[in-house]
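Coordinates in review
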Amino acid sequence: MEEPMPPSGNHLNFADLHLNPIALSLGPLDIRWYSIAYIAGIAAGGWYLLRLLAQPAAPMVRRQVEDLVFYATLGVILGGRLGYAVFYDPGMFIHPLALLRLWDGGMSFHGGALGVSLGIAFFSRRHGLSWLRVHDYVACCAPLGLLFGRLANFVNGELWGKPSDVPWAIVFPRSGDGLARHPSQLYEAGLEGLALFALLAFLFWRTDARRRPGALVGAFLIGYGLARFTVEFFREPDAQLVQFAARTGLHMGQWLTVPMVVAGLWLIGTAGRRTPVSVASPDEPGG
């Protein structure tokens, strides 16, 4: 573990970037970049999903996307907020109104992923579609939301990294100690967002992975799990979970990625046993 060290004059101070968490103020209403990031992620994901569905062997038709986006959005918001309360801040259940204060931050990816999965399950059952194949396509779009979300974390000056003397370290005023730290939000944006998106795009467009149910969502789970597990070594644990990290040797985020990676390995390992999807018209479900 790195020892805290004083920032040198060469390190950038976050305040010098003049980033404001509030994108626009309309009287008493503040529109935050965090909210815009969610909207941008959903919009970009929906647009990309339509492109994927235009290819042969699609698991659903374009007219069903609006319904899917509704259930997925509901799942990510409810699951993300409840997941944060369960995994990171159980005290929120003592004051239930705190659960509604989404503008204060506090969303769990793992809770959001579970919420989206349940939303997809409900959507697929309602439309008579393959739950696993719809997951494959949604998994290809998810890194776009992760990219925008992590960039919003950086703009908010939150979820900073551990003290470091690397040339690109940044002094985050909200840390309260004046130490230069890893910009771990940008590490996550690069790995969980850009790199994972590129990996899944390659598998979708350049291989037959989309015709092997479970292969793409399995790759997503492994890719995200490994990226998150790695970056957590450079990230400060949540203030209320410092003792948990010291006691267990890993951050909560790392522990939560373990079942994801295991599930991803199982999905990829068993993908070959599932019936391959035959090439179908883009306007008809592929199975």
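Each remark here, short or long, concerns the structure printed above.
A brief look at the structure comes next. Keep in mind the model is a prediction, meaning the values are calculated, not measured.

1. Notes on the pattern of salt bridges
- For the structure shown, the criterion picks out ten salt bridges.
- Between Glu188 and Arg235 there is a salt bridge, and its shortest N-O distance comes to 3.2 Å. Within this pair, whereas Glu188 is found in helix 5 (residues 184-206), its partner Arg235 is found in the loop between helix 6 (215-231) and helix 7 (242-248), the two being separated by 47 residues in sequence.
- What makes Arg235 buried here is its relative accessible area of 5%.

2. Let's talk about the packing of aromatic side chains
- Per the counting criterion, the structure on display carries 16 aromatic pairs.
- Geometrically, the ring pair formed by Phe109 and Phe220 is tilted, given 6.3 Å between the ring centres and 50 degrees between the ring planes. Of the two residues, Phe109 is situated in helix 3 (residues 109-127) and Phe220 in helix 6; the sequence distance between them amounts to 111 residues.
- The exposure class of Phe109 is buried, given its relative accessible area of 18%.
- The structure contains a cluster of three or more aromatic residues connected by ring pairs, namely Phe14, Phe154, Trp160 and Phe172.
- Seen from the ring of Phe204, Arg210 lies directly overhead, with NZ or CZ sitting 4.7 Å from the centre.
- Across from the ring centre of Trp266, 5.5 Å away, lies the NZ or CZ of Arg274, which sits over that ring.

Definitions and cut-offs
- Counting from 1, residues in each chain are numbered in the order their sequence is written.
- Where totals are concerned, whole chains, interfaces and linings use all residues; where local detail is concerned, this predicted model gives features only for residues with pLDDT of at least 70, and gives and counts side-chain atom pairs only at 80 or more.
- Only hydrogens and water are set aside; all other atoms, that is, all heavy atoms of the structure, feed into the side-chain values.
- Put simply, a salt bridge is a Lys or Arg side-chain nitrogen that is within 4 Å of an Asp or Glu carboxyl oxygen.
- Numbered from the N terminus, helices here are DSSP runs of H or I no shorter than four residues, and strands are runs of E no shorter than two.
- A simple rule labels every residue: compare its accessible area, found with a 1.4 Å probe on the protein chains alone, to the largest value its type can have, and call it buried under 20%, exposed over 50%, or partly exposed in between.
- Aromatic pairs are defined between Phe, Tyr and Trp rings, using the six-membered ring for Trp, whenever the two ring centres lie within 6.5 Å; interplanar angles under 30 degrees are classed as stacked, those over 60 as edge-to-face, and all others as tilted.
- Over a ring means this: the NZ of a Lys or the CZ of an Arg is within 6 Å of the ring centre and within 35 degrees of the ring normal.

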